[in-house]
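Chain by chain, the residues:
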Amino acid sequence: MSVLVFADSSEGKFKKTALEVVSYGKKVAEQLGTNVVALTINASDSSELYTYGAEKVVSVSNDALKTFNAKQYAAVVTEVAKAQNATVIVVDSSIDGLYVAPIIAVNLDAGCVSNVVDVPSSTSPFTVKRKTFSNKAFSNTIISTEHKVIGVAKNSYGVHENVVAGSTEAFDATVVDSAVKSEKIERITGKVTIADAEIVVSAGRGLKGPENWGMVEELAEVLGAATACSKPVSDLGWRPHSEHVGQTGKPVASNLYIAIGISGAIQHLAGINASKVKVVINTDPEAPFFKAADYGIVGDAFEVVPKLIEKLKAFKAS
Amino acid sequence: MKILVCISHVPDTTSKINFTDSDTKFDTNGVQFVINPYDEFCLTRAMWFKEKQGATVTIVNVGGAETEPTLRKALAIGADDAIRVNVNPTDGLQVAKELAAVVKNGGYDLVLAGKESADYNGQMVPGMLASLTDFNFINGCVGIEVDGTAVTATREIDGGNETLSTSLPLVIGGQKGVVEEKDLRIPNMRGIMMARKKPLQVIEPVGGEASTSVQSFEKPAPKGAVKLVDADNVDELISLLHNEAKVI
């Protein structure tokens, strides 16, 4: 028996979520009294994972797996899980993690739980806590099957160093056929994406027009943050739909979420509830967002934000 | 083209979430239920296929009789007929097994389902359904075109989009972008009247077992009051974010 963690990488490098799921997997392995095995696909150097507790890394290198394909990746994870006699399989709850997890679960006849926020509270019965009802509640869920697939919510467990003397072995995985073919990938380059961002700076209709987004972008740049917006702003075409944060838009689980001129409709709050610290800047002291926020400034964004940019620049330079 | 749209019956976003029976059951008291928002995008796209390219649109729900008003709403939007699998499921795998039986019996070409339901947010049913039926599968879909049996679709990826090609039969896990929010349909009076006469078939479950169960629910700890900072004193905000919250 072992715990298998799929450590996802992009262009050969591990994402922060990969280090988080390895940290998580190590803890689960300790609880179960077993070892953790990390699986990498086309990662150039796996040794970084030893720092987070991976005693063994199974490294798959195959040009046919260069582009993410859910069915093919799920088949590789399944094959490695069987070869390593893994009963617990840990993935992240990223877009690709949520794509691949249910396929792995069916392959292994496993119970599958996503958006998990903590290590198991009990291993018998195997019980994990997950976010539910659009972040308005948690459910403590028992997985009753022998095999278990767990999707860890981003930024929920954290990255924990746990240095071990690990070793890496190459694995020649079978690549299954998939009738879903990638034709084109378009990424917004040079910008921090909402999914990866530690900090998100978001603005709403209070900014009065798209011409005023310069200061939002400048604030984001100073903080190394991603930019986002409320639903009305994307509906009005002021900002692209890809920046819409909320229940039907993008979920945000950043460490810091700064909302400028956003009143805080319940659909918007559902999308940002998982963020750790929320700051609101709004002229209306009755805006519902103040009830959900940790810190707030009642004031005019056009006066507050330029001041904040200036002071943050000085703070960063000091 | 035969299209099946999976419809979840979920609490309206503005609903207060409470639990009963020592926090083991969701309290439906006073809760308004609606078509799952992600499924609504899929249903509207299915209507587009029906009207522009010719298709039949069946909707399906796995749930008790209380979900029928939601199914009637979906029929009022324009679906041709409805199926309700008469069981209250306890997890996504159970739902997927029931849906798989419906798909296999119905000979559908395209199955559209929201990528997640707004209640349990498991995001597993479309993927499990595709695997159980051996249909092709695209998740997080933000655009789909069908030409004969050839499909071009776009899915969201971190920081961008990916264009994919595949073929029917296909399961789509859809979200906003499959259609835009402004294009969502609201049932009109004629649709509502017609929906009353459309067939709603109730079938018994095949008995797919759940693999997970909820032991208990809990709500997040109550949040403290917001700390207000004077608009003329942004230094204090920076200090709080650095020293207290430790996020910058």
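Values in this document were obtained by computation on a predicted structure and should not be read as measured data. (Residues numbered from 1 in each chain as written. Chains lettered and ligands numbered in written order. Predicted model: local features only at pLDDT ≥ 70, side-chain atom pairs only at ≥ 80, totals over all residues. Heavy atoms only, no water.)

1. Digging into the UniProt feature "binding site: FAD" (unreviewed entry) in chain A
Thinking step 1. Feature annotation in UniProt assigns "binding site: FAD" (unreviewed entry) to the following positions: A:Arg205, A:Gly261, A:Ile262, A:Ser263, A:Gly264, A:Ala265, A:Ile266, A:Gln267, A:His268 and A:Asn282.
Thinking step 2. When you line up the elements, A:Gln267 lands in helix 6 (residues 266–272).
Thinking step 3. Once residues within four sequence positions are removed from consideration, A:Gln267 is found in contact with A:Gly246, A:Gln247 and B:Thr13.
Thinking step 4. For A:Asn282, the position within the fold is in strand 17 (residues 277–282).
Thinking step 5. The class for A:Asn282 is buried, based on a relative accessible area of 9%.
Thinking step 6. With residues near it in sequence (within four places) discarded, A:Asn282 still touches A:Gly261, A:Ile262, A:Ser263, A:Ala287, A:Phe290, A:Ile297, A:Val298 and A:Gly299. (UniProt positions renumbered as here; feature names shortened; annotations may be inferred. Helix = DSSP H or I, 4+ residues; strand = E, 2+ residues; numbered from the N terminus. Contact = heavy atoms within 4.5 Å. Buried < 20%, exposed > 50% of the residue type's maximum accessible area, 1.4 Å probe, protein only.)

2. Notes on the side chain of A:Thr141
Thinking step 1. Here A:Thr141 lies in strand 10 (residues 137–143).
Thinking step 2. Engagement of the side chain of A:Thr141 in a polar contact is seen with the side chain of A:Ser139, the distance being 2.9 Å.
Thinking step 3. Residues contacting A:Thr141, with those up to four places away along its chain left out, are A:Val113, A:Phe126, A:Thr127, A:Val128, A:Arg130, B:Thr212, B:Ser213 and B:Val214. (Polar contact = N/O pair within 3.5 Å; in protein donor to acceptor, adjacent residues only side chain to side chain.)

3. What to know about the packing of helix 2 (residues 70–83) of chain A against helix 3 (residues 95–108) of chain A
Residue and element names in this part refer to chain A.
Thinking step 1. One can describe the packing of helix 2 onto helix 3 by two numbers: an axis separation of 9 Å at closest approach and a directional angle of 45°. With respect to helix 3, the element helix 2 is oriented oblique. Remark: the crossing between helix 2 and helix 3 carries right-handed chirality. From helix 2, Ala70, Lys71, Tyr73, Ala74, Ala75, Val77, Thr78, Ala81 and Lys82 reach across to helix 3, where they touch Tyr99, Val100, Ile103, Ile104, Asn107 and Leu108. (Axes fitted to C-alpha atoms, helices over the stretch in contact; angles between N-to-C directions. Parallel < 35°, antiparallel > 145°, perpendicular 65-115°, else oblique. Left-handed = near helix turned anticlockwise from the far one by under 90°.)

4. Section: the domain arrangement of chain A
Residue and element names in this part refer to chain A.
Thinking step 1. Split into domains, chain A comes out as domain 1 (2–170) and domain 2 (194–317).
Thinking step 2. Placing the centre of domain 1 and that of domain 2 at their C-alpha centroids yields a distance of 32 Å.
Thinking step 3. The interface of domain 1 with domain 2 comprises seven residues on the first partner and 13 residues on the second.
Thinking step 4. Of the roughly 780 Å² buried between domain 1 and domain 2 on both sides combined, carbon and sulfur atoms contribute 35%.
Thinking step 5. Of all residues in domain 1, the largest losses of buried area upon contact with domain 2 belong to Asn135, Lys154 and Asn155, amounting jointly to 59% of the total for that side.
Thinking step 6. For the interface between domain 1 and domain 2, the tally reads six residue pairs in polar contact (both at pLDDT 80 or more). (Domains from an automatic or database assignment. Buried area = accessible area lost by both parts, 1.4 Å probe.)

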